[in-house]
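Given next are the chains, with one letter for each unit.
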Amino acid sequence: MLSFGHWRHSFITRPLIWGTFTLKKIHVAYPGPETSLDWRFVQRFLSIQKVLFPSWTSQSVLMFGTLLVLTLTEQLIIYQVGILPSQFYMVLADKDYAAFRNLITLAILLILLNSTLKSLDQYICSQMYVGWRQSLTENLHADYFRGRVYYTLNVLREDIDNPDQRISQDTERLCKQMSNMASRIIVSPFTLAYYTYQCYHSTGWMGPVSIFGYFVVGTISNKMLMGPIVHTLFQQEKLEGDFRFKHMQIRVNAESAAFYRAGKVEHMRTDRRLQSLLQTQKRLMNKELWLYIGVNTFDYLGGFLSYIIIAIPIFTGIYDDLSPGELSALISRNAFVCIYLINGFSQLIDLSTTLSDVAGYTHRIGELREAMADILRRQCDYDPGRIADFNIHAGPADTAFVLDRLSFRSPDSDELLVEELSLKISQGRHLLVVGNTGTGKTSLLRVLNRLWEADSGFVQMTTCFGPRGILFLPQKPYLTDGTLREQVIYPLKDIYPASGSVDDERIIQFLELAGVSNLLKRTGGLDEKVDWNWYDVLSPGEMQRLCFARLFYLQPKYAVLDEATSALTEEAEGQLYRLCKQLGMTLISLGHRSSLEKYHDVSLRLCGGGRWELTTLKENGADDGHVIEDTGL
Ligand SMILES: Nc1ncnc2c1ncn2[C@@H]1O[C@H](COP(=O)(O)OP(=O)(O)OP(=O)(O)O)[C@@H](O)[C@H]1O
């Protein structure tokens, strides 16, 4: 029974109620990309670390621990290798051949051990990179694909550019850069402490104090040079995403563009994006030039500083009582200790270039995570996971939707598309929604499917989403990547995993009924992997027929069809509609063709400016006069 009027009292307390929201394109609370090395960076970085190191016993923590042990051992060996020259000075000055031979053997052993440890260190860093990338990407996917987040992010939110690029490329680069930094950072506190002590031991307080002072000056100047780089890197990544998206747009719409012979204009537009990307890249390089000058100057001055520090005790006469051999050995040993301490600091300064990259990517990923969390908070009542378990919500058994004084508008507009629509969509009463272009027909489905929020009033979905419930066929046929079977059973992953050939027969039968059984031959079978893009090889009509095969397979109680037969002849349309009815589906159709009227009982006309009309096309139960052959379904 489909009726309209005031429904407020009996239905508004049911579980799937939503409404009374203001729909606007979401302009975000963040004032804009804050992309520097600030407190926000620290917060975002720490929250990403929680994903990478979820618990003390996680694999990442274990690998990090192993890396720490390895790098510390490596440092011990490096120290031994570092003092070898001073020992060589001693044995050569003493002309001690036996000690020289032993020293050669020791040097070879230490070098072998050192290179093995270094390789292991690199290997663990690579493993950590893969593990981190997996954890972070999966974490982002979990939010991105939850509810309608991916839709809201890509269609309704303007503040987050290129979410796809943030998930794929930026995450990869962040993990790569962090793994590059890991072994250097992890060992720094230990080596700095150890060599500071050694330096103090050799040169007194002068050595460590001058090196620390030098490091502080270097850090401050680098921080100043890095600030603008982080922001420009953020910009560059955005433009990189825009450029790639333009190419993807051409790839997906190559045929349409070719029909327009649009090579020239697309060339111009793509080059324009490339230019703005390259300009930003050049700006980034100009800013990096100053940072590189700073870093390199710091490195070279560091090497020079070590000799000044060593010179002080020599010129002040502290080592006057040593023989020339002992003095050479001591200078060699001290030089190593000072140079290594300065080198430890230089490495930290060198990391500033990597850190500026890390900060840029951290902001991009952090911003995406915050936006997704924000969307999830707003849509906490949305639960499409029900498709998997077919959990049907309690409600009148014969009803799909109840609308009560529903008003809604499009995100960019202040004008209502539909005002105060009250209506019940029940089993067996087929509804046709008509109206001029842009009057809000598809938008009504968006509100019913909860992609858009209503402006006021209530919408209640009393049947579950999915097979045996409600299924939507969108205006643009959606074909996933995968085999023919995966196309037909979409959006199910595998509903009948153990059914084997029985399911095959059903799928083949439905493909035949939908008029696309030829696809079986083209693909080579239901489960043959195809290397083509389905959109490139199927005609629009074939795509629509394939979507009907999907509908027959899933056999929902209610099928919502948005101009689902616009590319087919009236005859084909009639056949498919009658099959749907024969399979027991109640149809809610959107369309422009008057030929559709005969398959429906009630018509809802959207007249624009919020107005609407409901008309009965035929009495309940009246047949459309067509009987189709017994298909044995
Ligand atoms: N994501 C969006 N952001 C802003 N406005 C939108 C969005 N999607 C649709 N609109 C606008 O909402 C209005 C209603 O669109 P809708 O798709 O419902 O039209 P329709 O009646 O289905 O038209 P058609 O018959 O061409 O399919 C249109 O003016 C459209 O431009």
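Residues numbered from 1 in each chain as written. Predicted model: local features only at pLDDT ≥ 70, side-chain atom pairs only at ≥ 80, totals over all residues. Heavy atoms only, no water.

*Asks:* Lay out the overall build of the chain with the relevant residues and their values.
*Replies:* When helices and strands are counted, the chain shows 19 helices and 10 strands. Taken over 633 residues, the chain has a buried fraction of 48%. Of the contacts made within the chain by residues no fewer than 6 positions apart, 80% connect residues no fewer than 24 positions apart. Only carbon and sulfur atoms are counted for the fraction: they give 58% of the accessible area of the chain, which is about 31700 Å². (Helix = DSSP H or I, 4+ residues; strand = E, 2+ residues; numbered from the N terminus. Buried < 20%, exposed > 50% of the residue type's maximum accessible area, 1.4 Å probe, protein only. Contact = heavy atoms within 4.5 Å. Areas by Shrake-Rupley, 256 points an atom, 1.4 Å probe, with all protein chains shown as cover.)

*Asks:* Give me unusual backbone geometry: which residues, what numbers.
*Replies:* Backbone torsion omega between Tyr-490 and Pro-491 reads 10°, so that peptide bond is classified as cis. In this fold, Pro-491 is placed in the loop between helix H14 (484–489) and helix H15 (501–514). Phi is positive for Gln-555, which is not a glycine, with a value near 40°. You can see Gln-555 is positioned in the loop between helix H18 (540–554) and strand E7 (558–562). One non-glycine residue, Glu-563, lies in the positive phi region at around 45°. If you trace the backbone, Glu-563 turns up in the loop between E7 and helix H19 (570–582). Relative accessible area serves as the criterion here: at 16%, Glu-563 is assigned to the buried category.

*Asks:* Any details on the site of the ligand? Residues and values, ideally.
*Replies:* Taken together, 18 residues lie near the ligand, and Gly-438, Gly-440, Lys-441, Thr-442 and Ser-443 sit nearest. For the ligand, an oxygen atom lies 3.1 Å from a polar atom in the side chain of His-592. Relative to its unbound accessible surface of 640 Å², the ligand loses 72% to contact with the protein. The leading source of residues in the shell around the ligand is helix H13 (residues 441–448), at four residues. Across the shell around the ligand, the residue classes tally to four nonpolar, 10 polar and four charged. (Near = heavy atom within 4 Å. Polar contact = N/O pair within 3.5 Å; in protein donor to acceptor, adjacent residues only side chain to side chain. Nonpolar A, V, L, I, M, F, W, Y, C, P; charged D, E, K, R; others polar.)

*Asks:* Can you break down the UniProt feature "transmembrane region" (unreviewed entry) in the chain residue by residue, with the values?
*Replies:* Mapped onto this numbering, the UniProt entry annotates "transmembrane region" (unreviewed entry) at residues 60–79, 99–117 and 289–315. In residues 60–79, the share of helix is 100% and the share of strand is 0%. The end C-alpha atoms are 28 Å apart. Note that residues 99–117 is 100% helix and 0% strand, and that its end C-alpha atoms are spaced 27 Å apart. (UniProt positions renumbered as here; feature names shortened; annotations may be inferred.)

*Asks:* Give a description of the packing of helix H8 (residues 206–252) against helix H10 (residues 263–315) that names residues and reports values.
*Replies:* Contact geometry of H8 with H10 gives a least axis separation of 9 Å together with a crossing angle of 165°. With respect to each other, H8 and H10 are oriented roughly antiparallel. Here the hand of the crossing between H8 and H10 comes out left-handed. Residue composition of the contact of H8 with H10, by class: 23 nonpolar, 14 polar and nine charged. (Axes fitted to C-alpha atoms, helices over the stretch in contact; angles between N-to-C directions. Parallel < 35°, antiparallel > 145°, perpendicular 65-115°, else oblique. Left-handed = near helix turned anticlockwise from the far one by under 90°.)

*Asks:* Please set out the packing of aromatic side chains residue by residue, giving values where relevant.
*Replies:* The full count for this structure, using the stated rule, is 19 aromatic pairs. Ring centres 5.5 Å apart and planes at 50° place the aromatic pair Tyr-478 and Tyr-490 in the tilted group. With a gap of 12 residues between them, Tyr-478 in the loop between strand E6 (470–473) and H14 and Tyr-490 in the loop between H14 and H15 connect regions that are remote in the sequence. For Tyr-478, a relative accessible area of 40% gives the class partly exposed. (Phe/Tyr/Trp six-rings, centres within 6.5 Å; stacked < 30°, edge-to-face > 60°.)

*Asks:* Give me the lowdown on the side chain of Lys-246, citing residues and values where you can.
*Replies:* One can find Lys-246 in helix H8. A distance of 3.0 Å separates polar atoms of two side chains, one belonging to Lys-246 and the other to Gln-249. With residues up to four places along the chain from it excluded, the contact list for Lys-246 reads Glu-266, Arg-269, Thr-270 and Arg-273.

*Asks:* How would you summarise the nonpolar core if you had to cite specific residues and measurements?
*Replies:* Counting 73 residues, the largest nonpolar core has Leu-136, Leu-153, Leu-174 and Ile-211 as its most contacted members. Among the elements that make up this core, the one with the highest residue count is helix H11 (residues 324–378) (19 residues). Core analysis: the second largest hydrophobic core is formed by 43 residues, Leu-484, Ile-489, Met-543 and Phe-548 among them. (Core = buried A, V, L, I, M, F, W, Y, C linked by side-chain atoms within 4.5 Å.)

*Asks:* Mind laying out the pattern of salt bridges, listing which residues take part and the relevant values?
*Replies:* This structure, assessed with the given rule, holds 23 salt bridges. Where Arg-166 meets Asp-161, a salt bridge forms, and the shortest distance between an N and an O atom there is 2.7 Å. Given a relative accessible area of 0%, Arg-166 falls into the buried group. Judged by relative accessible area, which is 14%, Asp-161 ranks as buried. The shortest N-O distance in the salt bridge between Lys-246 and Glu-266 comes to 2.9 Å. Taken together, the positions of Lys-246 in helix H8 and Glu-266 in helix H10 put the pair 20 residues apart, joining distant regions of the chain. Each of Arg-157, Asp-159, Asp-374, Arg-377 and Arg-378 takes part in one network of salt bridges that share partners. (Salt bridge = Lys/Arg side-chain N within 4 Å of Asp/Glu carboxyl O.)

*Asks:* Could you give an account of the UniProt feature "domain: ABC transmembrane type-1" (unreviewed entry) in the chain, with specific residues and numbers?
*Replies:* Within this numbering scheme, the UniProt entry marks residues 165–332 as carrying the feature "domain: ABC transmembrane type-1" (unreviewed entry). Taken end to end, residues 165–332 is 92% helix and 0% strand, and its two terminal C-alpha atoms sit 51 Å from one another.

*Asks:* Kindly report on the sheet that holds strand E10 (residues 611–616), identifying the contributing residues and their values.
*Replies:* Strand order in the open sheet made by the six strands is E6-E7-E8-E4-E9-E10, with mixed pairing throughout. Edge positions in the sheet fall to E6 and E10, since each has one partner strand and no second. Mean inter-strand twist for the sheet, computed between neighbouring axes without regard to direction, equals 15°. Those strands touched by H13 are strand E4 (431–435), E6, E7, strand E8 (586–590) and strand E9 (602–608), and its axis lies near 135° from that of E4. (Pairing = 2+ DSSP bridges.)

*Asks:* Give me the lowdown on the state of the cysteines, citing residues and values where you can.
*Replies:* Counted by the stated rule, this structure contains zero disulfides. With no disulfide of its own, Cys-464 lies closest to Cys-580 among cysteine sulfurs, the gap being 18 Å. (Disulfide = S-S within 2.5 Å.)

*Asks:* Pulling in residues and values, what's your account of the environment of Ile-167?
*Replies:* One can find Ile-167 in helix H7 (residues 163–203). Residues Ile-167 and Val-530, spaced 363 residues apart in sequence, show a C-alpha to C-alpha distance of 26 Å. Ile-167 has contacts with Thr-137, Leu-140, His-141, Tyr-144 and Leu-368, leaving out every residue within four places of it along the chain.

*Asks:* Which residues make up the confidence of the model for the chain, and what are the values?
*Replies:* The predicted coordinates ought not to be read in detail in places where the model reports low pLDDT. In the predicted model, the chain carries a mean pLDDT of 81, and 88% of its residues have values of at least 70. Note on residues 384–394: pLDDT under 50 across the span, and 17 contacts to partners over four residues away in sequence or across chains. Throughout residues 620–633 the model reports pLDDT below 50, and contacts reaching past four residues in sequence, or to other chains, amount to 23 contacts. The complex prediction reports pTM at 0.74, with the ipTM value standing at 0.96. (pLDDT = per-residue confidence, 0-100.)

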